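Listed here are the chains, written in short residue letters.
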Amino acid sequence: MFLNCHTYFSLRYGTLSEEELIDLAIQNKLSCIALTDINNTSACLKFISKAKEKKIKPVVGVDFRNGMRQCYIMLAQNNNGFLNINSFLSKHLHDKTKFPDHSPQISDAIIIYPFEKVLELDKFNFLENEYIGVAFKELNKLRFSSYSSFKSKLVLLQPVTFRHKKDFNIHRLLRAIDTNSLLSKLIKEEQASPDEKILSSEIINQINQEYPHIIKNTTSILNLCTIHFDFSKKRKPQNLKTVLSSEEQDFIKLNELCQLGLPQRYDKITVQIKQRVEKELSLIKSQNFVSFFLINWKIIEYARSKNYFYVGRGSGANSIVAYLLRITDVDPIELDLYFERFMNEFRSSPPDFDIDFSTWDREDVTSFIFKEFGQNDQAALLGSYVTFKHSGAVRELGKVFGLPKHEIDKLSEGRYSLNQLDDISKLILKYSTYLNDKPNYLSIHAAGILIADKPIHYFSATHLPPKNFPTVQFDMHIAEDVGLYKFDILGQRGLGKIKDTIEIIIKNHPEAKLPDIHNARLFFSDPKINEMISRADCVGCFYVESPAMRMLLKKLKVDNYLTLVAASSIIRPGVAKSGMMREYILRHRHIERRKEAHPVLYEIMPDTYGIMVYQEDVIKVAHHYAKLDLGEADVLRRGMSGKYRSRKEFQDVKDKFKSNCIQNGEEEEIVDEVWRQIESFAGYAFAKGHSASYAVESYQSLYLKCYYPLEYMVATINNGGGFYRTETYIHEARMKGAIIEAPCINTSNIETIIQNKTIYLGLQHLDCLEKKSMIKIINARAFSSFKSFTDFIQRVPLSIEQLDILIRIDALRSLGKDKRTLLWEAYYKENNSPKIENQKQFFNISMQDFKLPRFKITKLENAFDQLELLTYTLETPYQLLKIEPENTVSSNDLQQYLNNIINIYGYLVTVKKAITSRKEYMYFGTFLDQQGDWLDTVHFPTIARKYQFSGKGIYKITGKVVEEFDFLSIEVLKLERMAYVADPRFDATYNRKDSIKTNNSVTNNIKLLN
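Calculation criteria
Residues numbered from 1 in each chain as written. Predicted model: local features only at pLDDT ≥ 70, side-chain atom pairs only at ≥ 80, totals over all residues. Heavy atoms only, no water. Helix = DSSP H or I, 4+ residues; strand = E, 2+ residues; numbered from the N terminus. Rg over C-alpha atoms; globule rule 2.2 N^0.38 Å. Buried < 20%, exposed > 50% of the residue type's maximum accessible area, 1.4 Å probe, protein only. Contact = heavy atoms within 4.5 Å. Areas by Shrake-Rupley, 256 points an atom, 1.4 Å probe, with all protein chains shown as cover. Lys, Arg positive; Asp, Glu negative; His and termini not counted. Charge placed at Lys NZ, Arg CZ, Asp CG, Glu CD. Axes fitted to C-alpha atoms, helices over the stretch in contact; angles between N-to-C directions. Parallel < 35°, antiparallel > 145°, perpendicular 65-115°, else oblique. Left-handed = near helix turned anticlockwise from the far one by under 90°. Nonpolar A, V, L, I, M, F, W, Y, C, P; charged D, E, K, R; others polar. Core = buried A, V, L, I, M, F, W, Y, C linked by side-chain atoms within 4.5 Å. Pairing = 2+ DSSP bridges.

A count of helical and extended segments in the protein chain gives 39 helices and 25 strands. Since a compact globule built from 1010 residues should have a radius of gyration of about 30 Å, the 34 Å found for the protein chain is in line with a globular shape. Projected onto its principal axes, the C-alpha positions of the protein chain cover 105 × 85 × 65 Å. Residues counted as buried form 56% of the 1010 residues belonging to the protein chain. For the protein chain, the share of sequence-separated contacts (at least 6 apart) that also reach a separation of at least 24 residues comes to 69%. Counting only carbon and sulfur atoms, one obtains 50% of the accessible surface of the protein chain, whose full area is about 45500 Å². Distance from the positive charge centre (135 side chains) to the negative charge centre (124 side chains) of the protein chain: 3 Å.

With that settled, the discussion passes to the packing of helix α11 (residues 290–305) against helix α14 (residues 359–373). Interaxial distance between α11 and α14 falls to 10 Å at its minimum, and their mutual angle equals 130°. Here α14 runs oblique to α11, going by the angle between their axes. Handedness of the α11/α14 crossing: right-handed. Where α11 abuts α14, its residues Ile295, Lys298, Ile299 and Tyr302 lie against Asp364, Val365, Phe368, Ile369, Glu372 and Phe373. Here the contact of α11 with α14 is built from residues that sort into seven nonpolar, no polar and three charged.

If you look at soluble globular proteins, the nonpolar side chains tend to sit buried side by side. Among the nonpolar cores identified, the biggest contains 110 residues, and Tyr561, Phe792, Leu806 and Leu812 are the most heavily contacted of them. For this core, the element with the most residues is helix α31 (residues 688–707), which contributes eight residues. By size, the runner-up hydrophobic cluster in this structure holds 72 residues, among which are Cys44, Val118, Leu156 and Val472.

As a packed pair, helix α6 (residues 165–179) and helix α15 (residues 390–400) sit with axes 9 Å apart at the nearest point and diverge in direction by 85°. Here α6 is positioned roughly perpendicular relative to α15, judged by the angle of their axes. Touching Leu173, Ala176 and Ile177 of α6 are Glu396, Leu397 and Val400, all from α15. Within the contact of α6 with α15, the residues separate by chemical class into five nonpolar, no polar and one charged.

Ordered by their spatial adjacency, five strands build a closed barrel running β20-β21-β22-β24-β23, and the pairing between neighbours is mixed. In this sheet, adjacent strand axes meet at a mean angle of 50° when their direction is disregarded. Pairing geometry for strand β20 (residues 901–915) and strand β23 (residues 954–964), over seven bridges, is antiparallel. Bridge assignment links isoleucine 901 to a residue of β23, and that residue is lysine 960. On the sheet, helix α22 (residues 547–556) packs against β20, β21 (921–928), β22 (934–939), β23 and β24 (967–977) and is oriented at approximately 145° with respect to β24.

Moving on: unusual backbone geometry. At asparagine 39, a position not held by glycine, the phi torsion is positive, near 50°. Tracing the backbone shows asparagine 39 in the loop between β2 (32–38) and α2 (44–53). The exposure class of asparagine 39 is buried, given its relative accessible area of 19%. With phi around 55°, asparagine 756 is a residue other than glycine that occupies positive phi space. Residue classification places asparagine 756 among the exposed positions, given a relative accessible area of 58%.

Here asparagine 779 is to be found in helix α34 (residues 771–781). Accessibility expressed as a relative area gives 46% for asparagine 779, which makes it partly exposed. Separated by 17 residues in sequence, asparagine 779 and valine 796 have C-alpha atoms that sit 9.1 Å apart.

Okay, here's the thing in structure tokens:
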């Protein structure tokens, strides 16, 4: 009976979820209801699924509007009608054009014009599928209209947006947020009428008595509409079914590729390898996943043809077929990877491949996918919903209610006492809870691409975000529910670093003969690389550079590939949370400790000493220990991720796990402990193949850092760093022997470069230097180097502000003048030159000789210029201290002070916050000591509250030196940030003569502009 219902996917308008709308229909004893969100189909698939579960007939369509002006409602008569409606909507969303007043002919769709729109258009000719929609409040107006005679065309068009007054209030707040206006200034035209609610049965009966034809026509329309998607467990995948001419040809091709790959990947093809290939191919064929492998193979072949660096990871690394097709570089035979984690006969969804490319290469690969598979509109990016979160909702509502910024900040950050808040602030907090987790706007999934067997509009409309690729209006969970499985194409800085390092090496060391970087096996047994890992000299290297990983590498004494694979998963939050990280370290270091493992678990997982480290360990334990079948075990593993945690099937499997173990004679206490370990970490651990993929990339980057550390650091800096700030990588390069130079107009590029052992920072690192200024410098220099200051300013027209930045960072030092002289000259020119913009200078301005005094510039003054323009100094920050350190104790001295309290100085690099079991905050600090080496600290809650971090700088640390598994750190007792000297550039008392040795001054006569 209701043809125009909205959910909260009528973004910043609707207030109900799909299920709330269905429940509303059930409460009002409706057997059918139509969902028509405004210019959006995000809710449709879930609505269809949930409506059928609750025995409600779903009808879907779109409420087409230009702004708030309603044009018409379209309802899909069937799946083809839904496709046509989505295509029409998508075209206008892509082109950003208004919807026409008169709907085009859309086959298999019902078109309903609102009564007011019909009057506005003066429309009297209607096609067979076109109707006039009249709201309850418009019936009296209809009575005196000539349209009252159009009995066969009249239907009830009562919008449904609210359940009650609270919903209407939320709607008004959403509209105010959307229009960026105060609630008190929100105009009526920008909001819905408060009567957009389901009509009572009494009113419906009244309408039926006066206008029986309206009720009849409305019912007929609902009866005409039927839509179906398969959401059952046995649904068939909706991804592209064939890559070649047929499924048979696809399988022949897949088999051929495997046979070609075998001798390329294995020196000796054993019976075990052949059997594994046959087993996988058989299952891939029976599960109809052949095209999934071939699509990924095509993507990889394209990337390889362009020499793009990539990493195939995810559970796909458990497959030998993926290894032979070069989708992954992880050998599942070598690592004994559990194939059933990747694919088993109970799994209905395709296997999971995550393929990483460097950021720039990823864009081209995505374009290839759309050209190759999207020609018939069968490809789209996967969407996601950005929802309101408490802090953001408070901020938006604060603006709507007109609160000043400082009050909004307090509410958003929780810095208030509830009983001291005024009524408006309490109202904001109240309604922020209602907005929490409601969709705010549509976005793009980080990596997912859909390639469907049907046109993508069969499932959803698409919009066109800035990436300029069609993007569906639903998320990955809805996609999976309907049988659409994503291809994950990700961007990763680590691969950009590897690619760029190789290019830099070729330029800086043209004689170098590099191994095939893709063949990481060469690096696994390299003693220099493994020794570097064991001492955790991994700054800049993929996934192994963080303080936590540096600590773990030392504690485990990692010196080989297999242990690094384990470390890549042990570091994940779940293993640590379960308490098994520490136990793993103990069993790894002490063989006797392994006897304490549960005998069944040790037999199942001997390589990890009976400890669950990888995701597939959940399957192993559930299958072998709790005697669940592989399908049930996989439900358990997937349930741990959170998505299925509330589902009945997961709860059933959980109950069966415990009952099976007890029936098998296990003690309940032990079963509960095993379950606790599963529950605490499974959603946060990696698949073993995933960890192995990470370890492969780690070894690739470790090789480059080991043998070409300076080139690798330059590539790291140019790719946005990694875990740390740029400053840390500059420091690391210096520690490896580099000479660090500030940007230079005659040498530097926009990005950082290296010449032999000298690294010139890129112009892009200068805070506030505009990109157009950098381009002007590079373009002008292409013809010849700059010979003098006059030459530079004549060839590179810059504002005095931009020129000031370059001079103060000493980027013009190659011109033979100190920066004070240059600043004097630059500002003299600025004040005495005619201000004529955009006019080419044909003649040099006459010059006059002046003799300037000898200028003295100290290292300290340079350091403060660098601090301002780069945010860090290019020499040790310890030179900035007001009071020199009282000792020179370094991290290399800690062993001799073990269990003693010491004072030590550290330059803060990073801080990690952690929450204790008592819900208190504690911190782990990472510093650089006076020699530039790493220093690690632990700040327990009491100390963390008393001595807080106060930003970047040098701290005097008082604490006890402790050791755990050969890893030394300091348990902090007191923390004091040390003061810097006054900025000498503005300190009238600063004595340059007694300061750091001055730079040579230029004393020649200077020609200055008249």
